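Fold and geometry: a report
Below are the chains, spelled out letter by letter.
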Amino acid sequence: MTRGPTVQFLGAAGTVTGSAHLVRAGGHTVLLDCGLFQGLKELRLRNWREFPFDPAGIDAVVLSHAHVDHTGRLPLLIRQGFRGPVYCTAATRGLVEIMLPDAAHLQEEEAERANRRGYSKHHPALPLYTIGDAEAVMPLLAPRPYGTTFPVASGVHARFRRVGHILGAASIELELGGGSPVRVAFSGDLGRYQRPILRDPEPVPAADVLLCESTYGDRVHAAAADAEEDLARIVRDGAARGGAILVPAFALGRTQELLWLLQDLENAKRVPSLPVYVDSPLAIEVTDLYGRHPEDHDTEMRERMRDNGNDWHGKRVRLVHSPAESKALNRVRGPIVIISASGMATGGRILHHLTQRLPDPNTTVVLVGFQAAGTRGRALKEGAMALRIFGQQVPVRAAVESIDALSAHAGQDEILRWLDGFERPPRATYLVHGEPPAAQALERLVRARGWTVRAAQDGETVALTAEA
Ligand code: ZN
C-alpha cells in the first residue's frame, strides 16, 4: 500500500451496479457514490455485508447522480455510523428525496412478501433498510452548484459538471492538496448529446487520474432520429388498431423523455393527438421536479417552460394519482397512451394494465428500455404467448414493439467524444461501471489513442499520483 493518495474500487468494478469508490488522501477519506448492488442474487447479497471500512471515519460522500445504483446504500452507511455531509447537485438532492424512500418501500414490501410466503431463511425476514433509515439521509444532503469548486474535507476540493444522463447528473473532479496536488476525475454515468430536456455532457479539461464509466463501451446506439421515427410509426399503428398503447417505463428519465418526444411528434403532426396518461406516483413526482431545475435545462426545455410552465410535457398529459383513478383507466376505450412503471414490468401499476389489456389484439405494448433476463418485459420482447401476473396466466394477443435507442447512457462513440474533451490524456484511466466485454472493448479503443487505461478490479486499491 502506498502512503500517498489512493482510490479503492468498492463497487461497479466489473459490473454496472453498486457504484462506490473510496478516495484516501492526507489522512482524509471521501466516498464517491454509495450505490446499491442490483440484478443477480450474488450481487444483491453484497448489500447485506458490512462496508470494508469504518463509515464513521469517512469525512464526506460526493454523489454523481440519484440513480439507486449510485445512492442506494447511503441508508446503510448512516446506520453503520457515517454522519458527514453528502455533497450533490441541487436536482440530485430533490431526486434522492423521492427515490430513496421508494427504494426502502420496495425493500419493506419484499421482506413482507417473504414472511407471508415463508420463503426467507431468516425469521422474520427483515428489509435491507426501512423508510426511516432512508429518511435519515435527507438532513445530510448538501447541494452544491455546477462549475464551482467547494471544499469536501481538509485539503480536498470538488467540482460538478453536467453529464446529461438524468436530471442533476454530474461528473466529479476532486483536487487533492498536499506536496504534489493530484486531480482525480470521475465520469459518473455519461449521458447523450443533443437529447431533449437536458444540457449536453460538459468536457473535463484535465485530470491526472480518471475513473470512466463503460456501460455501453461495446455498443453504438442507433441514431436518435431513427428512434423517433420508430416511436412515430408505433403510435400511428397503435392508434389505427384502436386500443391502448401501453409503455412500461422507468419513472426517472425515460418517462420524461417519452413525454417530450410524444409532444414533439404531435406538434409536428407525425402522430395523431392522443390522451397520454402517466400512471405512476413516482414518475409524476419526478416529472414535476424536472420542471423545477432550470440549471439543468437545455435551450428547448427553457423555451417550453417559458411558454407552458408546468405543462412543459404537453397539455394532453394526464397525471394519474390514486389507485382508484388508475383502475378507472380500465374502462377507457379507444386509442390512448398509458406510461407506467416499472420499466421491465417487474412490478408497479403497469401490471394491472397488462393483465387487463394484453388479451386484447387492439392493444400495443412498447418496450423502450433494457429488459433484463427473467423479467416480464424480456419475455414479451422474446415473443411470449402468455405472461404470469398475480398468479394468473394472461394470454398475449397484443402487438409488442420495442425501441432500443432511447438509452440514458452514452454509447461507445459518445464516451469517446467526452474523453476527447481532455486537453491531454490523464496519466492513468480506470474503467468502471461496465460488464467485462463492454469495458474490454472500450479499453482497446482508448489504448489505441495512446492512453494508459485498464478496467478497475473489484476491491483493488491504486495510487493516485500526478506523475508516473
Ligand atoms: Zn445512472
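All residue numbers refer to position in the chain's written sequence, counted from 1. Since the coordinates come from a predicted model, pLDDT governs what is reported: local features require at least 70, and pairs of side-chain atoms require 80 or more to be given and counted, while whole-chain, interface and lining totals use all residues. With hydrogens and water set aside, each side-chain value is computed from the structure's full complement of heavy atoms.

**Quick word on the sheet that holds strand β6 (residues 141-143)**
Sheet strands line up and pair through hydrogen bonds in the backbone, either parallel or antiparallel. Rules: At least two DSSP bridges between two strands are needed for those strands to be called paired. Here a strand is any run of E in DSSP of at least two residues, a helix any run of H or I of at least four, and the numbering for each starts at the N terminus. With axes taken as lines fitted to C-alpha atoms, and helix axes fitted only over the stretch in contact, angles between N-to-C directions fall between 0 and 180 degrees.
Taken in spatial order, the seven strands of this open sheet run β6-β5-β4-β3-β2-β1-β22, and their pairing is mixed. Strand pairing shows two members of the sheet lacking a second neighbour, β6 and β22 (461-463), which therefore form its edges. Each strand axis lies, on average, 25° off the axis of its neighbour in the sheet, ignoring direction. Of the strand pairs in this sheet, strand β5 (residues 86-88) and β6 are connected by three bridges, and their pairing is parallel. Its bridge partner being in β6, V86 is matched across the sheet by L141.

**Re the environment of V61**
Note the threshold: The contact criterion used is simple: two residues touch if any of their non-hydrogen atoms lie within 4.5 Å.
Within the secondary structure, V61 is located in strand β4 (residues 60-62). Sequence separation between V61 and G84 is 23 residues, and the spatial gap between their C-alpha atoms is 7.5 Å. Apart from the residues within four sequence positions on either side, V61 is in contact with L31, D33, L74, L77, F82, P85, V86 and Y87.

**What to know about the domain arrangement of the chain**
We count it as follows: The split of the chain into domains comes from an automatic or database domain assignment. By buried area we mean the combined loss of accessible area, with a 1.4 Å probe, across both parts when two parts are placed together. Whenever a carboxyl oxygen of Asp or Glu lies within 4 Å of a side-chain nitrogen of Lys or Arg, that contact is scored as a salt bridge. Polar contact is the term for a pair of N or O atoms within 3.5 Å; when the atoms are in protein, one must be able to donate a hydrogen and the other to accept it, and sequence-neighboring residues count only if both atoms are side-chain atoms. Amino acid classes used here: Ala, Val, Leu, Ile, Met, Phe, Trp, Tyr, Cys and Pro are nonpolar; Asp, Glu, Lys and Arg are charged; the rest, including Gly, are polar.
Domain parsing of the chain yields domain 1 (6-219 + 408-463) and domain 2 (224-402). Facing 20 residues of domain 1, the contacting portion of domain 2 comprises 21 residues. Both faces considered, domain 1 and domain 2 share a buried interface measuring about 2,000 Å² in area, 66% of it formed by carbon and sulfur atoms. Linking domain 1 to domain 2 there are two salt bridges. E257 is the partner of R195 in a salt bridge, and the nearest nitrogen-oxygen pair spans 2.6 Å. Where domain 1 packs against domain 2, one counts seven residue pairs in polar contact (both at pLDDT 80 or more). It is helix α4 (residues 90-117) that provides the largest number of residues to the side of domain 1 that touches domain 2, a total of seven residues. Considering only residue class, the side of domain 1 that touches domain 2 consists of 13 nonpolar, three polar and four charged.

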